[in-house]
Amino acid sequence: MRAILQFIKDWTLLFAILVGGIFNEFFGYIYTEYPFVTPSLIFIMLLLTFSKLENISFKISSLHIWLISIQLIGSAGLYFLFAQWNTTLAQGAMICLLVPTATSVAVVTNLLKVDIKFVTSYLFLSNFITAITIPIFLGFIGIGTNESIWQSTLVIAKRVLPTVVLPMLIVIITKEFAPKIHKNLQKYSYLTFYIWSFALTLVIGRTINSFLIQENTNYFIEISLAVGSFFLCITQFGMGRMIGAKYGERIAAGQALGQKNTIFAIWMAQTYLSPLVSIAPAAYVLWQNTINSYQIWKARTKK
């Protein structure tokens, strides 16, 4: 039984694609008719993930500033660069850089035999900063609304901020004032993997279903989004490693910048942009998991 569970864990991405693809109509229905499901799953994942991070340092280093600056300035720069040519590609590039670090970054970094203190602090910082900036970014590019920029920003913030910021606050408060509740959260932190698996299957099923039912498919744009996300993925891992090497955090910085919360990214794209734009973060799932799989294999075989 343990071997079967390990096999499923090792091939989660493949199972998510297969199940989501085969039952795309069912998952598309859940996503559309019950819009609270995906943000609720993200909320629970963040809550359980943050609860199991024991040694969290809130000390901001210059390396943290470098990485978060690349996220913010890079995403804005890419958007305005590609917007001159194609808005969909611009939004796809922006979302792949702007979204926060994945909740699984500490797990992967630990498997790479690197101290996770840096990535856990960046995980909090990245999620907090992007929770504030994403509504502003989406408001400025005018996402599906006739309201003013700041009205749009406020509407989006009301939906995004609780999903990302509240888990942090709950963990901080319970750890300080309700240790028993905090320990119970830690006790069930193992459920994060299964919640992530279901959420991944849900968003992939929704993405595939959207493409199957839409008309006037633009294959050139779809391929461009997938290929573009590949280059953005390796660039972020590479830049993180290059900058991190100067601070003695080569691998940790690469993971912090390159490993993205793709489920959150796909949800954001489908909710505020378009199903077509979600191809970029959906493809990013494949690219970053391929890189992580190779790194973990290399770390295991390294003597």
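Please refer to the structure higher up on the page.
Definitions and cut-offs
- Residues numbered from 1 in each chain as written.
- Predicted model: local features only at pLDDT ≥ 70, side-chain atom pairs only at ≥ 80, totals over all residues.
- Heavy atoms only, no water.
- Helix = DSSP H or I, 4+ residues; strand = E, 2+ residues; numbered from the N terminus.
- Buried < 20%, exposed > 50% of the residue type's maximum accessible area, 1.4 Å probe, protein only.
- Contact = heavy atoms within 4.5 Å.
- Areas by Shrake-Rupley, 256 points an atom, 1.4 Å probe, with all protein chains shown as cover.
- Core = buried A, V, L, I, M, F, W, Y, C linked by side-chain atoms within 4.5 Å.
- Disulfide = S-S within 2.5 Å.
- Phe/Tyr/Trp six-rings, centres within 6.5 Å; stacked < 30°, edge-to-face > 60°.
- Patch = residues over 30% accessible without salt bridge, like charges linked within 9 Å, V, L, I, M, F, W, Y side chains within 5 Å.
- Salt bridge = Lys/Arg side-chain N within 4 Å of Asp/Glu carboxyl O.

Trainee: Would you take a moment to explain the overall build of the chain for this structure?
Mentor: Within the chain, the secondary structure is distributed over 15 helices and zero strands. Within the span of the chain, comprising 303 residues, buried residues form 50% of the whole. In the chain, the share of contacts with a sequence separation of at least 24, taken over all contacts with a separation of at least 6, comes to 79%. Of the roughly 15,400 Å² of accessible surface on the chain, 67% is carried by carbon and sulfur atoms.

Trainee: Just checking my understanding: could you explain the nonpolar core for this structure?
Mentor: Generally speaking, a soluble globular protein has its nonpolar side chains buried in company with each other. Leu67, Phe118, Leu138, Phe264 and Met268 are the most contacted members of the largest nonpolar core, which has 81 residues in total. Setting aside residues up to four positions removed in sequence, Phe118 forms contacts with Ser61, Leu63, His64, Leu67, Glu249, Ala252, Ala253 and Ala256.

Trainee: Can you walk me through the state of the cysteines in this structure?
Mentor: Linking two cysteines covalently via their sulfur atoms produces the bond known as a disulfide. All told, the structure shown has zero disulfides when counted by the stated rule. Free of any disulfide, Cys96 has its nearest neighbouring cysteine sulfur in Cys233, separated by 8.6 Å. The exposure class of Cys96 is buried, given its relative accessible area of 3%.

Trainee: Any chance you could explain the packing of aromatic side chains here in plain terms?
Mentor: Under the definition given, this model contains eleven aromatic pairs. For the pair Tyr34 and Phe36, a centre-to-centre distance of 6.2 Å together with 90 degrees between the ring planes defines the contact as edge-to-face. By relative accessible area, which is 38% here, Tyr34 ends up partly exposed. Between Phe230 and Phe231, the aromatic rings sit 5.4 Å apart at their centres with planes inclined by 70 degrees, giving edge-to-face as the arrangement. For Phe231, a relative accessible area of 48% puts it in the partly exposed group. The structure contains a cluster of three or more aromatic residues connected by ring pairs, namely Phe26, Phe27 and Phe198.

Trainee: When you look at a nonpolar patch on the surface in this model, what are you seeing that I'm missing?
Mentor: A cluster of nonpolar side chains, namely Phe15, Leu18, Val19, Ile22, Phe23 and Phe26, defines an oily patch on the protein surface of about 570 Å² accessible area. In terms of residue count, the dominant contributor to the nonpolar patch is helix α2 (residues 12-22) (four residues).

The quantities given are spatial measurements derived from coordinates; they are silent on function.
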